[in-house]
Amino acid sequence: MTQTFPWSCPYCGRDVTLTLASQSEETHFFHNGNKEGSLALTTLVVVCPNPNCREFALTGVLRHSKRNSQFENQYPFGDPLEIWRLKPKSSAKQIPAYVPSPIIDDYREACLIKDLSPKASATLSRRCLQGIIRDYWKISKARLIDEVLELKDKTDPLTWQSIDAVRKIGNIGAHMEKDINVIIDVDPNEADMLLRLIEMLIKDWYIARHEREAHLNALINAAATKKV
Ligand SMILES: [Zn+2]
């Protein structure tokens, strides 16, 4: 399972390339007469290579496994039966503190419960999406769908298309037309797609605006020091 692959650190938020040196795994094979048959529990440890971070992530994966009679040391694995994110407990990305705290709180909670309750996660994500549109764009209407529609002329076409694409997905779309507090029934993929959308909007709107302002202020300050 271990190889070189791109990884986004959940602690420092850096996109890094993991090497063999920063990963390790161990597998515990067991049967013990359990009704599911031969199983294997693999624990994976990944350490962030960023010298200022060096945090580790720990994941457990449970799979079916059968000893291969032809090759002593090969144990073919089935698809994962369970995946436990042990440390950190959620897939939430680091959000800068200049994003309003109710938005960060909803996003983090939606990430935390995504696997346990996709419907609760999606409900929080819709509230988070509404919070972003209201705070960033100052658009406030009774229904989320009307806010999304008003956004169309204010944002770039590709961003709006991605919001609209997620909006059109099954239950999410149907329930954007209703009260934001209605609990909706969604599958984990739908809940995940909403979270990815929120991450993208935070990056494209809040973070991009902040970086642009920082960059321009640095230019203004640099120009000011040149004055005699
Ligand atoms: Zn890190």
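See the structure shown above.
Here the structure is a predicted model, which is why all the values come from computation and not from measurement.

Trainee: So, the coordination of the zinc ion: which residues are in play, and what are the values?
Mentor: Summarising the metal site, the zinc ion is bound by the protein donors C9 (SG), C12 (SG), C48 (SG) and C53 (SG), whose distances to it range over 2.3 to 2.4 Å. Given 4 donor atoms and angles of 106 to 114° at the metal, the environment of the zinc ion is assigned as tetrahedral. Of note, the donors binding the zinc ion are all from one chain and are spaced C-x2-C-x35-C-x4-C. Just as C48 is buried, C53 falls in that class too.

Trainee: Summarise the nonpolar core; cite the residues concerned and give the values.
Mentor: Membership of the largest hydrophobic core comes to 35 residues, with the highest contact counts inside it found for Y107, I132 and I202. The set of elements that each furnish at least two residues to this core consists of α1 (101–112), α2 (118–137), α3 (144–151), α4 (157–167) and α6 (188–226). If you tally residues by element for this core, the top one is α6, at 10 residues. Each residue touching I132, except ones within four places of it in the same chain, is listed here: I103, W137, I198, I202, W205 and Y206. Residues W7, V16, L18 and A57 belong to the second largest nonpolar core, which totals 8 residues.

Trainee: Explain the layout of surface pockets to me, using residue names and the numbers behind them.
Mentor: The computed volume of the second largest pocket comes to approximately 350 Å³. G13, K93, Q94, K203 and I207 are, among the 16 residues lining the second largest pocket, the residues nearest its centre. With 6 residues, the top contributor of residues to the lining of the second largest pocket is α6. Split by domain, the residues of the lining of the second largest pocket number at least three in each of domain 1 (5–87) and domain 2 (101–221).

Trainee: Lay out the sheet that holds strand β5 (residues 56–65) with the relevant residues and their values.
Mentor: Pairing is antiparallel in the open sheet, where 4 strands are placed in the order β3-β4-β5-β6. Looking at which strands have only one partner, the edges of the open sheet turn out to be β3 (23–30) and β6 (77–87). Sheet twist, expressed as the average angle between the axes of neighbouring strands with direction ignored, equals 20°. Inspection of the sheet shows β5 paired to β6 by 7 bridges, in the antiparallel sense. Counterpart to T59 in the pairing with β6 is R85.

Trainee: Talk me through the side chain of K114; I want residue IDs and the actual numbers.
Mentor: In this fold, K114 is placed in the loop between α1 and α2. Looking at K114, the relative accessible area reads 10%, which means it is buried. In contact with K114, other than residues within four places in its own chain, are S91, S121, A191, D192 and L195.

Trainee: Before we move on, could you go through the pattern of salt bridges and cite the residues and values that matter?
Mentor: With the rule as written, the count across this model stands at 8 salt bridges. The salt bridge involving R134 is made with E147; its shortest N-O contact spans 2.7 Å. A residue pair is termed long-range when its members are at least 10 positions apart, and R134 in helix α2 and E147 in helix α3 qualify at 13 residues. Each member of the salt-bridge network shares a partner with another, and the members are K114, D192, R196 and E199.

Trainee: Account for α4, naming residues and giving values.
Mentor: Owing to its 3.6 residues per turn, the α-helix brings residues three or four apart onto one side. Among all positions of α4, only T159, W160, I163, D164, V166 and R167 are buried. Seen from one end, α4 has its buried residues packed into an arc of 160°, which puts them on one side. Opposite its buried face, α4 presents the exposed residues P157 and L158, each directed more than 90 degrees away.

Trainee: Go over the environment of P88, please, and point to the residues and values.
Mentor: Considering the arrangement of structural elements, one finds P88 in the loop between β6 and α1. Between the C-alpha atom of P88 and that of T59, which follows or precedes it by 29 residues, the distance is 8.8 Å. If we ignore the near neighbours within four places in the chain, the residues touching P88 are P10, Y11 and A57.

Trainee: Just give me the short version of the environment of R63, but keep the residues and values in it.
Mentor: One can find R63 in strand β5. You can call R63 buried: its relative accessible area is 8%. Considering only alpha carbons, one finds R63 and L41, 22 residues apart in sequence, at a separation of 6.6 Å. Here T42 takes part through its side chain, which lies 2.9 Å from a polar atom of the side chain of R63.

Calculation notes
The numbers attached to residues start from 1 for each chain and follow its sequence in the written order. Local features in this predicted model are restricted to residues whose pLDDT is 70 or higher, and side-chain atom pairs enter the listing and the counts only when it is 80 or higher, whereas totals over whole chains, interfaces and linings include all residues. The basis for every side-chain value is the complete set of non-hydrogen atoms in the structure, without hydrogens or water. Think of the donor list as every N, O and S atom within 2.8 Å of the metal, or within 3.2 Å for Na, K and Ca; water never makes the list, so a site can look incomplete. Donor angles set the geometry label: tetrahedral for four donors if every angle is between 85 and 135 degrees, square planar for four and octahedral for six if opposite donors exceed 155 degrees and the others are between 65 and 115, irregular for anything else. Only protein chains enter the accessibility calculation, which uses a 1.4 Å probe. A residue is then buried if its area is under 20% of the maximum for its type, exposed if over 50%, and partly exposed in between. As used here, the term nonpolar core means buried Ala, Val, Leu, Ile, Met, Phe, Trp, Tyr and Cys residues forming a set that is joined through side-chain atoms within 4.5 Å. Secondary structure counts use DSSP, requiring at least four H or I residues in a row for a helix and at least two E residues in a row for a strand, with both numbered from the N terminus. By definition in these notes, contact holds between two residues if any of their heavy atoms fall within 4.5 Å. Within this scheme a cavity is a closed region of a 1 Å grid, computed over the protein atoms alone, that accommodates a 1.4 Å probe without allowing it to escape, whereas a pocket is open but has protein on both sides within 12 Å along at least five of seven lines; lining residues each have an atom within 4 Å of a point. Grid points are joined across faces, edges and corners, and a volume is the space filled by probe spheres set on the points. Domain segmentation is taken from an automatic or database assignment of domains. Should DSSP find at least two bridges between two strands, the strands are regarded as paired. Between N-to-C directions, angles span 0 to 180 degrees; the directions come from axes that are lines fitted to C-alpha atoms, helices contributing only their stretch in contact. Definition used for salt bridges: Asp or Glu carboxyl oxygen within 4 Å of a side-chain nitrogen of Lys or Arg. By construction, the arc corresponds to the directions joining the helix axis to the C-beta atoms. Two N or O atoms form a polar contact when they lie within 3.5 Å of each other; inside protein one atom must be a possible hydrogen donor and the other a possible acceptor, and for residues adjacent in sequence the pair counts only when both atoms belong to side chains.

Shape is all these values report; function is a separate question.
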